[in-house]
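Listed here are the chains, written in short residue letters.
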Amino acid sequence: MSFGRYGPLVGAIDQGTSSTRFLVFASETAELLTYYQTESQQIYPKEGWVEQNPKDILAAVELCIETAVQNLKDLDIDPADIKAIGISNQRETTILWDKFTGEPLHNAIVWLDGRTTTTVENLIARTPGQNKEYFKPRCGLPLSTYFSAVKIRWLLDNIPEVSEAVSDNRCLFGTVDSWLLWNLTGGVKGGVHLTDVTNASRTMLMNLDSQQWDVNLCRFFDISMSILPTICSSSEIYGHISRGSLKGVPISSCLGDQSAALVGQMCFKMGQAKNTYGTGCFLLYNTGIEPVFSEHGLLTTVAYKLGKDKPTYFALEGSVAICGASIQWLRDKLGIIKEAAEIES
């Protein structure tokens, strides 16, 4: 097979809380050839609530792909040289949709949304000793407003369309990776309903030992396992793009954004760590092939699993929810600055 002057190319979907990008790299040199980026729109229905429109998320991804492909053509690079696509996504953000119509049942509830405080309190009250850390040995996470299981529980309790869809066996759940995978591989016409271990580990529903959905956790949250995607490794062919300029290209990697940053910084050895600043601020520390549990507030999470038959690596994580989001707030809500770059002056 012959390729252009840059050899085989890879595309990367980076769907974050604040923006969406599609980037194209030369696979042999890791040179960035082109990209296109667009800002994500947040919806604030009430104080402390943060939502995004799932259709806008998908449309932004498709726009970024098509624009970046046109950029390649303008650079006299053949888009047919793109041989694989990977996905990196904001984690925990929760989307429920109708598998027959493809329509979202509610806006996506974003990871930093705080509406589930009462839900968390009620769940903690049901644990032995009213202990928010009770499930950490099983899933690595405390009961908190952050994680997807709590958001699903709130939606089931408060949005009739969601509970009805679950009862009718019409409902699918996914974090943003699953929503994109399902839609990009065909949606109602055969789209795959999958997630990877890094994203699944942020739901509070995955068992860290088995790396599969945990029956007891699902029972505690009273969440039907029928709505959950199949858990895969972070590096395998999940399906192929079903439409657009990259139709037929395989989607062959998926990582939650913070795990993707750990991999991108090549922190493959135990003891290596990365710290990144985006909407929030996140430190991940590679702990190797055994999960390590912190007594000082750090979370235990999956770092990556780079293939079906490859070992799973774990990490300790520390997070600050508001970092770059504060800059958006200063610009969009208070009007103190007009451009983000002004904070540097």
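See above for the structure.
Numbering of residues starts from 1 in every chain and runs along the sequence as written. Only residues with pLDDT of at least 70 get local features here, since the model is predicted, and only at 80 or more are side-chain atom pairs given and counted; chain-wide, interface and lining totals rely on the full set of residues. Only hydrogens and water are set aside; all other atoms, that is, all heavy atoms of the structure, feed into the side-chain values.

Numbered from the N terminus, helices here are DSSP runs of H or I no shorter than four residues, and strands are runs of E no shorter than two. A tally of helices and strands in the chain yields 10 helices and 16 strands. Contacts are assigned to residue pairs with any non-hydrogen atoms lying within 4.5 Å of each other. Contacts in the chain between residues at least 24 apart in sequence constitute 64% of all its contacts with a sequence separation of at least 6. Surface accessibility of the chain: about 15400 Å² in total, with carbon and sulfur atoms responsible for 52%. We count Lys and Arg on the positive side and Asp and Glu on the negative side, and we leave His and both chain ends out. In this description, the location of a charge corresponds to atom NZ of lysine, CZ of arginine, CG of aspartate or CD of glutamate. A gap of 3 Å separates the mean positions of the 29 positive and 38 negative side-chain charges of the chain. Every accessible area reported is derived by Shrake-Rupley at a probe size of 1.4 Å, with residue values counting cover from the shown protein chains alone.

This paragraph deals with the pattern of salt bridges. Where charged atoms from two side chains of opposite charge come close, those side chains can pair. Counted as salt bridges are all cases of a side-chain nitrogen of Lys or Arg within 4 Å of a carboxyl oxygen of Asp or Glu. In the structure shown here, the tally under the stated rule is 17 salt bridges. The residue Arg-115 makes a salt bridge to Asp-113 at a minimum N-O spacing of 2.9 Å. Taken as a pair, Arg-115 and Asp-113 share a single burial class, namely buried. The residue Asp-157 makes a salt bridge to Arg-153 at a minimum N-O spacing of 2.7 Å. Taken together, the residues Asp-157 and Arg-153, both in helix H4 (residues 148-158) and 4 residues apart, mark about one turn of the helix. A 1.4 Å probe rolled over the protein chains alone gives each residue an accessible area, and that area as a share of the maximum for its type sets the label: buried under 20%, exposed over 50%, partly exposed in between. According to the relative accessible area criterion, Asp-157 is partly exposed, its value standing at 48%. Taken together, the shared-partner salt bridges in this structure form one network comprising Arg-91, Glu-92, Arg-202, Asp-257 and Glu-317.

Axes, fitted as lines to C-alpha atoms, cover a helix only where it is in contact. Angles between the N-to-C directions of the axes lie from 0 to 180 degrees. Packing of helix H2 (residues 117-125) against H4 brings their axes to within 10 Å, and their N-to-C directions diverge by 105°. As the angle between them shows, H2 and H4 are arranged roughly perpendicular. Taken together, the residues of H4 that come into contact with H2 (itself represented by Thr-119, Val-120 and Leu-123) are Val-150, Arg-153 and Trp-154. What sets the label is the angle itself: under 35 degrees gives roughly parallel, over 145 gives roughly antiparallel, 65 to 115 gives roughly perpendicular, and the rest give oblique.

Mapping Tyr-313 onto the fold places it in strand S16 (residues 313-320). If we ignore the near neighbours within four places in the chain, the residues touching Tyr-313 are Phe-268, Asn-286, Gly-288, Ile-289, Val-302, Ala-303 and Tyr-304.

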